[in-house]
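Each chain, written out:
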Amino acid sequence: MPGTLFIVATPIGNLKDITFRAIEILKSVDLIACEDTRHTRRLLDHYGVNTPTTSYFEHNKMKKGQYLVRLLKEGRQVALVSDSGTPGISDPGYNIINLAIKDDIPVTTIPGPCAFVSALVASGLPTDSFVFHGFLSNKKAKRRRQLEHLNAEKRTIILYESPHRVAKALADVLDILGDRKIVIVRELTKMFEEIVRSNVSGAIEHFIKHPPRGEFIFLIRGK
């Protein structure tokens, strides 16, 4: 019998935001596959988890994915974690999950934190219908095409963005989507958590005065 691939959600900031079941699974599996073993080790040490880890990230996902599938076929139990939140959301976890499914390996999820869901419920924007796009392209032409595709979207739009691209992304949002209501969330559950509720032009002014730091989530009102 093959082993099971456990998709384990981990904290997005505050280490207390993890379920009892997640800790139990991380202690019981044979191996934990993680984006950054050093980052995950801090969490594991905090909860006394001694399970071996192996790296699984964007640049080794094909080779390491095949390795993990072989272990699973041999009956080993493997947990998949990301640096924060739920694996498979805008990270390479999607690939190993699909490899396991194609080989009839059981896949189950241990639910927990997800950054964009937490941001959405705190935003005050409509939550009954939304579209999650993930990261915009770092190339201007492609980023603008992506925003043009979203321009007619009536649902709340959710985007991830890195700090060094916040200003450029907001400028393109203003130019293509207009001066809509936007909520920008950063460092959720951490000491410097910040939620900026404004229109796009106001958000641009805010981040001129306060240089962006941390990982960002944009939530934009639909058309």
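Quantities reported herein were computed from a predicted structural model and do not represent experimental measurements.

Participant: So what exactly am I meant to see when it comes to the nonpolar core here?
Facilitator: Across soluble globular proteins, nonpolar side chains show a tendency to be buried alongside one another. Counting residues in hydrophobic clusters, the biggest one holds 21 residues, and the most contacted among them are Leu159, Leu170, Ile182, Ile184, Phe218 and Ile220. Among the secondary structure elements, those contributing two or more residues to this core are α6 (140-150), β7 (156-161), α7 (166-177), β8 (181-186), α8 (200-209) and β10 (216-220). In terms of residues, this core owes the most to one element, α7, which gives six residues. The residues contacting Leu159, other than those within four sequence positions of it, are His133, Gly134, Leu136, Leu147, Leu150, Phe216, Ile217, Phe218 and Ile220.

Participant: Please explain helix α1 (residues 20-28) as it appears in this structure.
Facilitator: Three- or four-residue spacings in an α-helix give side chains the same orientation, since the helix completes a turn every 3.6 residues. Of the positions making up α1, those classed as buried are Ala22, Ile23, Ile25 and Leu26. On an axial view of α1, the arc spanned by its buried residues comes to 165°, and they lie on one face. Residues of α1 that are exposed and point over 90 degrees away from its buried face: Phe20, Glu24 and Ser28. In the core, the buried residues of α1 are packed alongside β1 (5-8), β2 (31-34), α2 (37-46), β4 (78-81) and β5 (107-110).

Participant: Help me out: how do you make sense of the sheet that holds strand β3 (residues 53-55) in this one?
Facilitator: The strands making up a sheet are joined through hydrogen bonds of the backbone, oriented either antiparallel or parallel. Read across the open sheet, the five strands follow the order β3-β2-β4-β1-β5; overall the sheet is parallel. Two strands bound the open sheet, and with one partner strand each, they are β3 and β5. Averaged over all pairs of adjacent strands, the angle between strand axes in this sheet comes to 25°, irrespective of strand direction. Alignment of β2 against β3, held across three bridges, turns out to be parallel. When the bridges of β3 are listed, Cys34 appears paired with Ser55. Relative to β1, helix α4 (residues 93-102) is tilted by about 155°, and along the sheet it contacts β1, β4 and β5.

Participant: I'm lost on α6 in this one. Help?
Facilitator: If you check which residues of α6 are buried, you get Arg143, Gln146, Leu147 and Leu150. Considered in projection along α6, the buried side chains sweep an arc of 95° and stay on one side of the axis. Within α6, the exposed residues directed more than 90 degrees away from the buried face are Arg145 and His149. Of the surrounding secondary structure, the elements contacted by the buried residues of α6 are β6 (130-135), β7 and α7.

Participant: Please explain the sheet that holds β6 as it appears in this structure.
Facilitator: Reading across from one edge, β6-β7-β10-β8-β9 is the order of the five strands in this open sheet, with mixed pairing throughout. Taken across any chain shown, the strands that pair with only one partner, and hence form the sheet edges, are β6 and β9 (194-199). In this sheet, adjacent strand axes meet at a mean angle of 15° when their direction is disregarded. Bridge count for β8 against β9 is six bridges, and the pairing is antiparallel. If you follow Arg186 over to β9, its bridge partner there is Glu194. Across the sheet, helix α5 (residues 115-123) is in contact with β6, β7, β8, β9 and β10; its angle to β10 comes to roughly 45°.

Participant: What should I look at first to understand unusual backbone geometry in this one?
Facilitator: Not every positive phi belongs to a glycine, and Asp104 is a case in point at roughly 55°. With relative accessibility at 67%, the residue Asp104 sits in the exposed group. The phi dihedral of Thr189 is positive, around 70°, even though this residue is not glycine. Summarising the element assignment, Thr189 is placed in the loop between β8 and β9.

Participant: Just checking my understanding: could you explain the pattern of salt bridges for this structure?
Facilitator: Opposite charge on two side chains makes pairing possible when the charged atoms of those side chains draw close. Tallied over the entire structure, the rule returns twelve salt bridges. Here Arg144 and Asp172 are joined by a salt bridge, their closest N and O atoms 3.0 Å apart. You can see Arg144 sitting in helix α6 and its partner Asp172 sitting in helix α7, a full 28 residues away along the chain. The exposure class of Asp172 is buried, given its relative accessible area of 4%. Across the pair Glu153 and Arg155 runs a salt bridge whose closest N-O atoms are separated by 2.6 Å. Among the residues examined, Arg155 registers a relative accessible area of 33% and is labelled partly exposed. Via salt bridges that share partners, Arg143, Arg144, Asp172 and Asp175 belong to a single interconnected network.

Basis of the calculations
Residues numbered from 1 in each chain as written. Predicted model: local features only at pLDDT ≥ 70, side-chain atom pairs only at ≥ 80, totals over all residues. Heavy atoms only, no water. Core = buried A, V, L, I, M, F, W, Y, C linked by side-chain atoms within 4.5 Å. Buried < 20%, exposed > 50% of the residue type's maximum accessible area, 1.4 Å probe, protein only. Helix = DSSP H or I, 4+ residues; strand = E, 2+ residues; numbered from the N terminus. Contact = heavy atoms within 4.5 Å. Arc of directions from axis to C-beta. Pairing = 2+ DSSP bridges. Axes fitted to C-alpha atoms, helices over the stretch in contact; angles between N-to-C directions. Salt bridge = Lys/Arg side-chain N within 4 Å of Asp/Glu carboxyl O.

That is the geometry; function is a separate question.
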